Amino acid sequence: MRSPAFSIPDAEFRECVGGPWGRPQRCPRGGIETTGESGNVHPGTITATWTNPPASRSEATVYVTNWAAGTHTMTATRQGDELRASWSPQGNPFAGGDLCVRFKGSSAKACVDLINR
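Residues numbered from 1 in each chain as written. Predicted model: local features only at pLDDT ≥ 70, side-chain atom pairs only at ≥ 80, totals over all residues. Heavy atoms only, no water.

**Some points on the overall build of the protein**
Phase 1 of the analysis: Helix and strand counts for the protein come out as 0 helices and 7 strands.
Phase 2 of the analysis: The order of helices and strands in the protein, counted from the N terminus, is β-β-β-β-β-β-β.
Phase 3 of the analysis: Here the protein, with 117 residues, has 40% of them falling under the buried criterion.
Phase 4 of the analysis: A total accessible area of about 6,000 Å² is found for the protein, and carbon and sulfur atoms account for 49% of it. (Helix = DSSP H or I, 4+ residues; strand = E, 2+ residues; numbered from the N terminus. Buried < 20%, exposed > 50% of the residue type's maximum accessible area, 1.4 Å probe, protein only. Areas by Shrake-Rupley, 256 points an atom, 1.4 Å probe, with all protein chains shown as cover.)

Here it is in structure tokens:
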């Protein structure tokens, strides 16, 4: 079962207009999806999506965080109009609570609760 993507609220994007890339742009909007089952802390495959990257961006670093597992990185690559990254962790370093993704250059993040998906 796939959990729904959780969009980052529009208000969290104002800081990047004219920000990290040095020119006005549409700011990161995206989310996180997991394929794991609700009630189980294993996330299954984690997918991070940036739905409106500048046309010039072909990749971006994504930080995946959970309080027990720390921070892991993925590289998102262009797939049509989006930048997407997926990771299927081996074993289960995660614990209950939020699993979050954040694209480098933005303070906005998208999270999913690993137990109540």
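There's more to say after this.
**Considering the packing of aromatic side chains**
Phase 1 of the analysis: Evaluation of the coordinates by the stated rule reveals 1 aromatic pair.
Phase 2 of the analysis: Aromatic pair tryptophan 50 and phenylalanine 103: ring centres 5.4 Å apart, planes at 55°, arrangement tilted. Residue tryptophan 50 is found in strand E2 (residues 46-50), and its partner phenylalanine 103 is found in strand E6 (residues 98-103); the two are separated by 53 residues along the sequence. Side by side, tryptophan 50 and phenylalanine 103 carry an identical accessibility label, which is buried. (Phe/Tyr/Trp six-rings, centres within 6.5 Å; stacked < 30°, edge-to-face > 60°.)

**Digging into the pairing of strand E3 (residues 59-66)**
Phase 1 of the analysis: Sheet topology note: the E3/strand E4 (residues 70-79) ladder contains 8 bridges and is antiparallel. Its bridge partner lying in E4, tyrosine 63 is registered against threonine 73.
Phase 2 of the analysis: In this structure, the hairpin formed by E3 and E4 is closed by a connection of 3 residues.
Phase 3 of the analysis: Sheet topology note: the E3/E6 ladder contains 4 bridges and is antiparallel. Bridge assignment links valine 62 to a residue of E6, and that residue is phenylalanine 103. (Pairing = 2+ DSSP bridges.)

**What about the environment of serine 38?**
Phase 1 of the analysis: The residue serine 38 is located in the loop between strand E1 (30-34) and E2 in this model.
Phase 2 of the analysis: Overall, serine 38 belongs to the partly exposed group, its relative accessible area being 38%.
Phase 3 of the analysis: Between the C-alpha atom of serine 38 and that of arginine 117, which follows or precedes it by 79 residues, the distance is 4.9 Å.
Phase 4 of the analysis: Within polar-contact distance, the side chain of serine 38 engages the backbone oxygen of isoleucine 115 at 3.0 Å. (Polar contact = N/O pair within 3.5 Å; in protein donor to acceptor, adjacent residues only side chain to side chain.)

**Things to note about the nonpolar core**
Phase 1 of the analysis: Among the nonpolar cores identified, the biggest contains 19 residues, and Ile32, Ile46, Val62, Leu99, Val101 and Phe103 are the most heavily contacted of them.
Phase 2 of the analysis: If you list the elements that add at least two residues to this core, you get E2, E3, E4, strand E5 (82-87), E6 and strand E7 (110-113).
Phase 3 of the analysis: Discounting chain neighbours no more than four positions away, the residues touching isoleucine 46 are Ile32, Glu33, Thr34, Val64, Met74, Ala85, Ser86, Trp87, Pro89, Phe94, Leu99 and Val101. (Core = buried A, V, L, I, M, F, W, Y, C linked by side-chain atoms within 4.5 Å. Contact = heavy atoms within 4.5 Å.)

**Points about the confidence of the model for the protein**
Phase 1 of the analysis: In the predicted model, the protein carries a mean pLDDT of 76, and 74% of its residues have values of at least 70.
Phase 2 of the analysis: By mean pLDDT, the top-scoring element of the protein is E4 (94), and the lowest-scoring one is E1 (84).
Phase 3 of the analysis: Note on residues 1-27: pLDDT is under 50 here. Beyond four places in sequence and across chains, it has 56 contacts. (pLDDT = per-residue confidence, 0-100.)

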